[in-house]
Amino acid sequence: MAQFVKKDDDLDGEEYSPFLGIEKGAVLQEARVFNDPQLDPRRCSQVITKLLYLLNQGESFTKFEATDVFFAVTKLFQSRDLGLRRMVYLIIKELSPSSDEVIIVTSSLMKDMNSKTDMYRANAIRVLCHIVDGTLLTQIERYLKQAIVDKNPVVASAALVSGFHLLQTNPEIVRRWSNEVQEAVQSRAALVQFHALALLHQVRQNDRLAINKLVTSLTKGTVRSPLAQCLLIRYTSQVIRESGVNQAGDRPFYDYLEGCLRHKAEMVIFEAARAITELSGVTNRELTPAITVLQLFLTSSKPVLRFAAVRTLNKVAMTHPLAVTNCNIDMESLISDQNRSIATLAITTLLKTGNESSVDRLMKQITNFMSDIADEFKIVVVEAIRSLCLKFPLKYKSLMNFLSNILREEGGFEYKKAIVDSIVIFIREIPDAKESGLLHLCEFIEDCEFTYLSTQILHFLGNEGPKTSDPSKYIRYIYNRVILENATVRASAVSTLAKFGAMVDALKPRIFILLRRCLYDSDDEVRDRATLYLNTLGGDGSVVETDKDVKEFLFGSLDVPLVNLETSLKNYEPSEEAFNINTVPKEVKSHQYVENNRNISNINTCLGAPLAAPTSTADSYEKLLSSIPEFSSFGKLFKSSTPVELTEAETEYAVNAVKHIFDEHVVFQYNCTNTIPEQLLENVSVIVDASEAEEFSEVAIKPIHSLPYDSPGQTFVAFEKPAGVTSFGRFSNTLKFLVKEVDTSSGEAEDDGVEDEYQLEDLEVVAADYIVKVGVSNFRNAWESMDPDCERIDEYGLGPRETLAEAVAVVNNLLGMQPCEGTEVVPKNARSHTCLLSGIYIGNYKVLVRVSFGFDGPKEVAMKLAVRSDDIAVSEAIHEIVASG
């Protein structure tokens, strides 16, 4: 006897499917029932269901199979069974018949569209609008307009929703329905009003004035549908944002949003509250009514309302933590909520808004909670704890112990990495936390299953461990990694041991013994590292390097970009002369070619030289400028900027400029292209007005002799400036030339020409032009290797900013330095951030910058700028740039 299994029984953990194992061929055979003289509606519906299942699973039908099924399905219009008719509509939509096949079914659908059965009408409208093209659509447009204002809400909604889809393919037809759609907006049916308002907004979305009028008229109380009301609130928020008014009292439509907080529908109340909290520059007075209703939702019996409220409050807490503190008692009760998403958001919000006295209580509540949530929620909690510890550094012990305990529990890589990153930040930012934090990390790597985390911890331990009061206590943990771990971690542990030996003289004998043991390791990398470090530290009896050289070798930063080092190593040919890292260029080579403007690609051609192999833009510029006699005495080129466009696109003449910076000179290279076939330009030059750049004096001009159509050329203007000084200024530019008419058939130009001028955009020399982007591989080591006496620290206000990312971008653009270690990327909704920058200042002075950003008030951004360089005058110059920027 066959064994019957109930639908709800567990089949080896797989979900039960009534279509499991069906084959396309068998279903196509079953589709022959559509041709039976006596149709069986139930069986036909089952076959259509199987066909729909195959289509939705990605099964492809050949053209013949699809056509055969389509024609068979059209015969089912004979049946008057409502259920079967609905299945017929669905299969026709999914099969998407071709234009020649659509004609077969159009008459039946149009008949249904004018039927007395509302269900037929609504579905026929949806199908017709989905399968017809623009030509046939004009024939049924009259019926669609009538359907929009139909008394039956199902039919009206079907027509309006079809309008959405048609707007993508035939927008001009849908725009002609404005009167009918506006009438539908006044409908008493909730869904009709909702769909009508959405379609009307979609039609007018590119007309700001029309949207403003729409919102103004509807906010007077003509919208009854809660769904439509929610849409209107969103459109109102859009109008407020685009108005640009950020001051309380002057903000348009705020009274309407506040009035919606007293609506009887919960969805409208929430939508209004959320809209108020997301207003740009919102004040505490404006926030208060919204926070009050969200607080009431926290105690709702509906999980969706509790989730919506706590998620919105969580976002508000990032910018207005004090405004949310009144909700803390209600949120504490949500920590035990059965919905873990709600509980997680409640905890992270409390961590953002809590005070120092509540930290210990929160930690006790969170401890029991962490084991019940998924890793993605745990990461959110860890990040919130990190922010809390930086806010209340005196509480680092309890927070560090909490992170250490959860670090030993089960969890994935991203979760463990978030915890390790947090502990590392505590060690760096809170001096008292260093020793306990390092011990917590040492205990973790004893059982760490992630190679990447183990190597990163060992690397960090090698930098920080030797600076503690008792470095010897970490040696056991490090050497255990040499014995018990895989080759990658063992090699990293050997490097860490060497760093302890270099920094702590008392540990050298012990380190030598341990490194000698590593010489017998099974892995080549481990043995090679042990041999190298023994040789460097003098542990093999050889002549030891000086302490300074050893520390520079182990801890010093790599002063050359890795991409340049890789290129140099690839180009190095083995010879008796060893590879010299000092020959590797320290400047970050720009690989941007100016082929779009057709300038750099023709540099060699313009000089009458044969085309050489592709070189970087910087090399091409230096070669070009040194070959011009007027500029050959200017010395070594310090920096060349990226091209700055001086004309709009599609204009008669295309001109962009490159700024070349020398110690005592600045050369402007104007790349010009004549885009008019009927003209030849001669004696082309740029007249530069330097009245707004007082420290610059013009010393040379090199014009273009001839500039035919679509043949780029370069004209130069050189200025002298004070040596080694960052002089700034604005330069006005006018293109001057002799224009001659050209016979396009023969290509001959007329003998006589006309003098003409063409106004160009202004060009500025700014601070970033005097700094070359050069990265460092290890910013912390590079920073500590520079003289602290050449450090300058000050604080600045950056004014109102929407996000910290905006503030970081402003400073980066101002200084034009190389962001290090990915710090130019600001985490979403961050309240504080540190950006690390590196570069070479004119005069070849190395500069490192550490910029700490944070919100000081609702939107005000404060910045702490620390600069170290080879010369204190350079550090002060960087501060002057920021202060005047």
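Scroll up for the structure.
Please read all numbers here as calculations on a predicted model, not as lab measurements.

### Notes on the overall build of the protein chain
Secondary structure assignment for the protein chain yields 37 helices and 17 strands. Per-residue burial over the protein chain gives 48% buried out of 885 residues. In the protein chain, the proportion of contacts linking residues at least 24 apart, taken out of those at least 6 apart, comes to 64%. Of the roughly 44,500 Å² of accessible surface on the protein chain, a fraction of 49% belongs to carbon and sulfur atoms. For the protein chain, the separation between the mean place of its 91 positive charges and that of its 122 negative charges on side chains is 11 Å.

### A few points about empty space enclosed by the protein
Evaluation of the coordinates by the stated rule reveals 1 cavity of 30 Å³ or more. The computed volume of the largest cavity comes to approximately 30 Å³. As for the largest cavity, its lining consists of Val174, Trp177, Ser178, Val181, Leu199, Leu200 and Val203. Taken together, the elements giving at least two residues each to the lining of the largest cavity come down to helix 10 (178–185) and helix 11 (190–204).

### Re the pattern of salt bridges
Summed over all chains, the structure comprises 32 salt bridges. We note a salt bridge from Glu806 to Arg801, for which the minimum N-O separation is 3.5 Å. We classify Glu806 as partly exposed; its relative accessible area is 32%. A network of salt bridges, in which partner residues are shared, links Lys434, Glu464, Lys467, Arg780 and Glu784.

### Here we look at the packing of aromatic side chains
Counted by the stated rule, this structure contains 16 aromatic pairs. Within the aromatic cluster, the residues linked to one another by ring pairs are Phe668, Tyr670, Phe696, Phe719 and Phe731. Between Arg476 and the ring centre of Tyr477, over which it is positioned, the NZ or CZ distance is 4.3 Å.

### Topic: a negative patch on the surface
Side chains of Glu678, Glu741, Asp743, Glu748, Glu750, Asp751 and Asp752 sit close together on the surface and give a patch of like negative charge. Structurally, Asp743 can be placed in the loop between strand 9 (729–741) and strand 10 (754–759). Of the residues examined, Asp743 reaches a relative accessible area of 38% and is grouped as partly exposed.

### As for the nonpolar core
Core analysis: the largest hydrophobic core is formed by 189 residues, its most contacted members being Phe34 and Ile92. Listed in part, the 64 residues of the second largest apolar core include Phe668, Leu760, Phe855 and Ala877.

### Some details on helix 13 (residues 226–243)
The periodicity of an α-helix, 3.6 residues per turn, causes residues three or four places apart in sequence to face the same way. The terminal C-alpha atoms of helix 13 lie 25 Å apart, and with 18 residues this matches the ideal 26 Å at 1.5 Å per residue to within 8%. Taken residue by residue, helix 13 has Ala228, Gln229, Cys230, Leu231, Leu232, Ile233, Tyr235, Thr236, Ser237, Gln238, Val239 and Ile240 as its buried positions.

### Some points on the pairing of strand 8 (residues 713–720)
With respect to burial, strand 8 is a largely interior element, 7 of its 8 residues being buried. The sheet contact formed by strand 4 (residues 665–674) and strand 8 spans 8 bridges and is antiparallel. Paired with Val666 across the bridge in strand 8 is Phe719. Note: strand 6 (residues 697–702) against strand 8, 5 bridges, orientation antiparallel. Looking at the pairing, Ala700 lines up with Ala718 of strand 8.

### Overview of the side chain of Thr468
Along the chain, Thr468 turns up in the loop between helix 26 (451–464) and helix 27 (475–484). Given the relative accessible area of 9%, Thr468 is considered buried. Within the structure, Thr468 has its side chain in polar contact with the backbone oxygen of Gly465 (distance 2.7 Å). Excluding its chain neighbours within four sequence positions, the residues that come into contact with Thr468 are Lys434, Glu435, Leu438 and Tyr474.

### With respect to the environment of Ala374
Examined against the element boundaries, Ala374 turns out to sit in the loop between helix 21 (359–369) and helix 22 (375–391). Counting along the chain gives 34 residues from Ala374 to Arg340, while the straight-line C-alpha distance between them is 8.8 Å.

Conventions and cut-offs
Residues numbered from 1 in each chain as written. Predicted model: local features only at pLDDT ≥ 70, side-chain atom pairs only at ≥ 80, totals over all residues. Heavy atoms only, no water. Helix = DSSP H or I, 4+ residues; strand = E, 2+ residues; numbered from the N terminus. Buried < 20%, exposed > 50% of the residue type's maximum accessible area, 1.4 Å probe, protein only. Contact = heavy atoms within 4.5 Å. Areas by Shrake-Rupley, 256 points an atom, 1.4 Å probe, with all protein chains shown as cover. Lys, Arg positive; Asp, Glu negative; His and termini not counted. Charge placed at Lys NZ, Arg CZ, Asp CG, Glu CD. 1 Å grid on protein atoms, 1.4 Å probe; cavity = no way out; pocket = protein on both sides within 12 Å on 5 of 7 lines; lining within 4 Å. Points joined across faces, edges and corners; volume = space filled by probe spheres on them. Salt bridge = Lys/Arg side-chain N within 4 Å of Asp/Glu carboxyl O. Phe/Tyr/Trp six-rings, centres within 6.5 Å; stacked < 30°, edge-to-face > 60°. Lys NZ or Arg CZ within 6 Å of the ring centre and 35° of its normal. Patch = residues over 30% accessible without salt bridge, like charges linked within 9 Å, V, L, I, M, F, W, Y side chains within 5 Å. Core = buried A, V, L, I, M, F, W, Y, C linked by side-chain atoms within 4.5 Å. Expected span 1.5 Å × (residues − 1). Pairing = 2+ DSSP bridges. Polar contact = N/O pair within 3.5 Å; in protein donor to acceptor, adjacent residues only side chain to side chain.

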